[in-house]
Amino acid sequence: MSSAQPTRVVVLISGSGSNLQALIDGQQRGQLPIDIVAVISNRPAVRGLLRAEHAGIPAEVLDHTRYDSREAFDTALQECIDHYRPELVVLAGFMRILTPTFTRHYEGRMLNIHPSLLPKYQGLHTHQRALDAGESEHGVTVHFVTAELDGGPPAVQARVPVLPGDDAESLAARVQSQEHVIYPLAVKWFAEGRLRMESGRALLNNEPLGPNGYLMDTTQS
Ligand SMILES: Nc1nc2c(c(=O)[nH]1)N[C@@H](CN(C=O)c1ccc(C(=O)N[C@@H](CCC(=O)O)C(=O)O)cc1)CN2
Ligand SMILES: NCC(=O)N[C@@H]1O[C@H](COP(=O)([O-])[O-])[C@@H](O)[C@H]1O
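Anyway, here's the lowdown on the structure attached to this text.

Cut-off values and rules
- Residues numbered from 1 in each chain as written.
- Chains lettered and ligands numbered in written order.
- Predicted model: local features only at pLDDT ≥ 70, side-chain atom pairs only at ≥ 80, totals over all residues.
- Heavy atoms only, no water.
- Pairing = 2+ DSSP bridges.
- Helix = DSSP H or I, 4+ residues; strand = E, 2+ residues; numbered from the N terminus.
- Salt bridge = Lys/Arg side-chain N within 4 Å of Asp/Glu carboxyl O.
- Buried < 20%, exposed > 50% of the residue type's maximum accessible area, 1.4 Å probe, protein only.
- Near = heavy atom within 4 Å.
- Polar contact = N/O pair within 3.5 Å; in protein donor to acceptor, adjacent residues only side chain to side chain.
- Nonpolar A, V, L, I, M, F, W, Y, C, P; charged D, E, K, R; others polar.

Considerations on the sheet that holds strand β9 (residues 201–204)
Two pairing modes exist for strands in a sheet, parallel and antiparallel, and in both the strands are linked by backbone hydrogen bonds.
Argument step 1. Read from one edge of the open sheet, 3 strands run β8-β9-β10, paired in antiparallel fashion. Each edge of the open sheet is held by one strand with a lone partner, namely β8 (195–198) and β10 (207–208).

Let's talk about the pattern of salt bridges
Side-chain pairs of opposite charge can arise where the charged atoms are in close proximity.
Argument step 1. One pass over the full model with this rule turns up 7 salt bridges.
Argument step 2. Close ionic contact of Asp166 with Arg174 constitutes a salt bridge, the shortest N to O distance being 2.7 Å.
Argument step 3. The partner of Arg194 in a salt bridge is Glu192, with the nearest N and O atoms 3.6 Å apart.
Argument step 4. Relative accessible area serves as the criterion here: at 30%, Arg194 is assigned to the partly exposed category.
Argument step 5. Looking at Glu192, the relative accessible area reads 26%, which means it is partly exposed.
Argument step 6. A single network of salt bridges, built from pairs that share partners, joins Lys188, Glu192 and Arg194.

Brief notes about the site of ligand 1
Argument step 1. Residues in close proximity to ligand 1 total 20 residues, the closest being Arg96, Leu98, His114, Thr146 and Asp150.
Argument step 2. Contact between ligand 1 and Arg70: an oxygen atom at 2.9 Å from a side-chain N or O atom of the residue.
Argument step 3. In the model, an oxygen atom of ligand 1 is placed 2.9 Å from a nitrogen or oxygen of the Ile97 main chain.
Argument step 4. Ranked by the residues each element gives to the shell around ligand 1, the list is headed by strand β5 (residues 110–114), at 3 residues.
Argument step 5. For the shell around ligand 1, the per-class residue count stands at 10 nonpolar, 5 polar and 5 charged.

Shown next as structure tokens:
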């Protein structure tokens, strides 16, 4: 975006909202040139809504169980989002598969954080699947959202070791610590106009990123 004004951001959640909190903290510290103008949850009474309320951010619940179809929910969700005129939509633990019509509407300005080293382990239950496969490392990817589930071009990736005795919970906690580093970084780069999507590829500083995006050096964080 790289405008003098902060980038207008709408964050979609489904649960705890720890990634939302990382973005709120970055904005409040003046480290992120963003203005989170709304938080929208598909589930009621989740902790992420309390985080938004505490930060003074308008929060809405669009309960997907109240809609007859995925298309009907997505249409209502799009109308709700567009009311806030966002320049960026951030999926932060948002747990609904979005229809192609919806993803096309926001293509190039919608990010997701996925708890695996994409393109490995798309979908759900990634930590347990990595453990079951005997992986020695795991990690997290921020990617642009496209119709292909978790198939959009990666923007930023961080790797963590799988340690002896790890279970899904301990591995998830190690991964999440990196989520709270790379998501604010990716959002910052987008807001600065450095990170963008063009012709189905992610670019950083006008240079095409590879299949794994920008690989964070996690030894520094
Ligand atoms: N079209 C797309 N939609 C979504 C993407 C995407 O890249 N393209 N990213 C996901 C986020 N995600 C993983 O990062 C993900 C979220 C949800 C599911 C899923 O199977 N959801 C089920 C319901 C599960 C539940 O409610 O617990 C469903 O929608 O039926 C898979 C991956 C967000 N959407
Ligand atoms: N497929 C999407 C997915 O699994 N996302 C994962 O949900 C968690 C949400 O945490 P949060 O609500 O505390 O940000 C995060 O760990 C994120 O990687």
